[in-house]
Amino acid sequence: SQKDSFVQFLEFLNILYTLSKYDEPTLATSPIALADEDTGSDRIKKVNDFIARHYTEEISLDRLADPVGLSPTSLSRLYKQKTGETLSYHILDFKLGKAARELLNTDRNIADICFSCGFNNLSNFNRLFKSRYNMSPREFRHVYTKSSAII
């Protein structure tokens, strides 16, 4: 505390020199390292909330990335890292899940459900639904509404 400022400056340079020679990262403590993870999780939550509100619309990577302050590529990479699935898979799975619930809980026709869940093409919807549930939407409705009536 009584040292002259030049000596303090030399000690500071010595500390910086010592740190620069050390190979292990020492400046990032656990709370600092975890801060990015929390931000990532918050961003994922915002993206999922956005998808849940806008799944009936066309959702582009640009439209998802802008509100969370990331480039489309960075968002795509972060989403895959945090969830283990791609954004396009999540959006498709979300829409198909909504369609499956609609098939079971309403008597609306399949075309109406297709378009109300954000699909633009009925044949594409049928193909995607069949690949996800191993049956067509009509078969799905028939099998599961029949089994729920028995219970």
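One structure accompanies this document, and this report is about it. A quick note: this is a predicted structure, and the numbers were derived from the prediction, not measured. (Residues numbered from 1 in each chain as written. Predicted model: local features only at pLDDT ≥ 70, side-chain atom pairs only at ≥ 80, totals over all residues. Heavy atoms only, no water.)

**Considerations on the nonpolar core**
Stage number 1. Counting residues in each nonpolar core, the largest one holds 15 residues, and the members touching the most others are Leu96, Leu103, Phe119, Phe125, Phe129, Tyr133 and Phe140.
Stage number 2. Of all the secondary-structure elements, those providing two or more residues to this core are helix H5 (87-105), helix H6 (110-116) and helix H7 (122-133).
Stage number 3. Apart from the residues lying within four places of it in its own chain, the contact partners of Phe140 are Ala100, Leu103, Leu104, Phe129, Tyr133 and Met135.
Stage number 4. Counting 13 residues, the second largest nonpolar core, distinct from the first, contains Ile59, Leu75, Tyr79 and Ile91. (Core = buried A, V, L, I, M, F, W, Y, C linked by side-chain atoms within 4.5 Å. Buried < 20%, exposed > 50% of the residue type's maximum accessible area, 1.4 Å probe, protein only. Helix = DSSP H or I, 4+ residues; strand = E, 2+ residues; numbered from the N terminus. Contact = heavy atoms within 4.5 Å.)

**Observations regarding helix H1 (residues 5-21)**
Stage number 1. A rise of 1.5 Å per residue sets the reference length of H1, with its 17 residues, at 24 Å; its end C-alpha atoms lie 25 Å apart and thus fit the reference within 8%.
Stage number 2. Looking at where H1 begins, the residue whose side-chain oxygen comes 2.7 Å from the main-chain nitrogen of Phe6 is Asp4. (Expected span 1.5 Å × (residues − 1). Polar contact = N/O pair within 3.5 Å; in protein donor to acceptor, adjacent residues only side chain to side chain.)

**Details of the environment of Asp112**
Stage number 1. Structurally, Asp112 is set in helix H6.
Stage number 2. Each C-alpha atom of the pair Asp112 and Leu122 lies 9.3 Å from the other, and the pair is 10 residues apart in sequence.

**Examining the environment of Glu102**
Stage number 1. Along the chain, the position of Glu102 falls in helix H5.
Stage number 2. By relative accessible area, which is 24% here, Glu102 ends up partly exposed.
Stage number 3. Sequence separation between Glu102 and Ile113 is 11 residues, and the spatial gap between their C-alpha atoms is 6.7 Å.
Stage number 4. Every residue in contact with Glu102, bar those within four places of it in the chain, is listed here: Arg108, Ile113, Cys117 and Arg141.

**Thoughts on unusual backbone geometry**
Stage number 1. The backbone phi angle of Asn134 is positive, close to 60 degrees, even though this residue is not glycine.
Stage number 2. Structurally, the position occupied by Asn134 is in the loop between H7 and helix H8 (137-150).

**Some points on the packing of aromatic side chains**
Stage number 1. The full count for this structure, using the stated rule, is 7 aromatic pairs.
Stage number 2. Ring geometry for Phe129 against Tyr133: centres 4.6 Å apart, planes inclined by 35 degrees, an arrangement best described as tilted. Of this pair, Phe129 and Tyr133 both sit in helix H7, 4 residues apart, which is roughly one turn of the helix.
Stage number 3. Ring geometry for Phe129 and Phe140: centres 5.2 Å apart, planes at 80 degrees, overall edge-to-face. Taken together, the residues span a long stretch of sequence, with Phe129 in helix H7 and Phe140 in helix H8 at a distance of 11 residues. (Phe/Tyr/Trp six-rings, centres within 6.5 Å; stacked < 30°, edge-to-face > 60°.)

**Notes on the layout of surface pockets**
Stage number 1. The volume enclosed by the largest pocket comes to roughly 210 Å³.
Stage number 2. As for the largest pocket, its lining consists of 13 residues, and the residues nearest its centre are Glu58, Ile59, Ser88, Ile91 and Lys95.
Stage number 3. Mapped by element, the contributors of at least two residues to the lining of the largest pocket are helix H3 (61-68) and H5.
Stage number 4. With 4 residues, H5 is the single largest residue contributor to the lining of the largest pocket.
Stage number 5. Each residue belonging to the lining of the largest pocket can be placed in one class, and the counts come to 6 nonpolar, 4 polar and 3 charged. (1 Å grid on protein atoms, 1.4 Å probe; cavity = no way out; pocket = protein on both sides within 12 Å on 5 of 7 lines; lining within 4 Å. Points joined across faces, edges and corners; volume = space filled by probe spheres on them. Nonpolar A, V, L, I, M, F, W, Y, C, P; charged D, E, K, R; others polar.)

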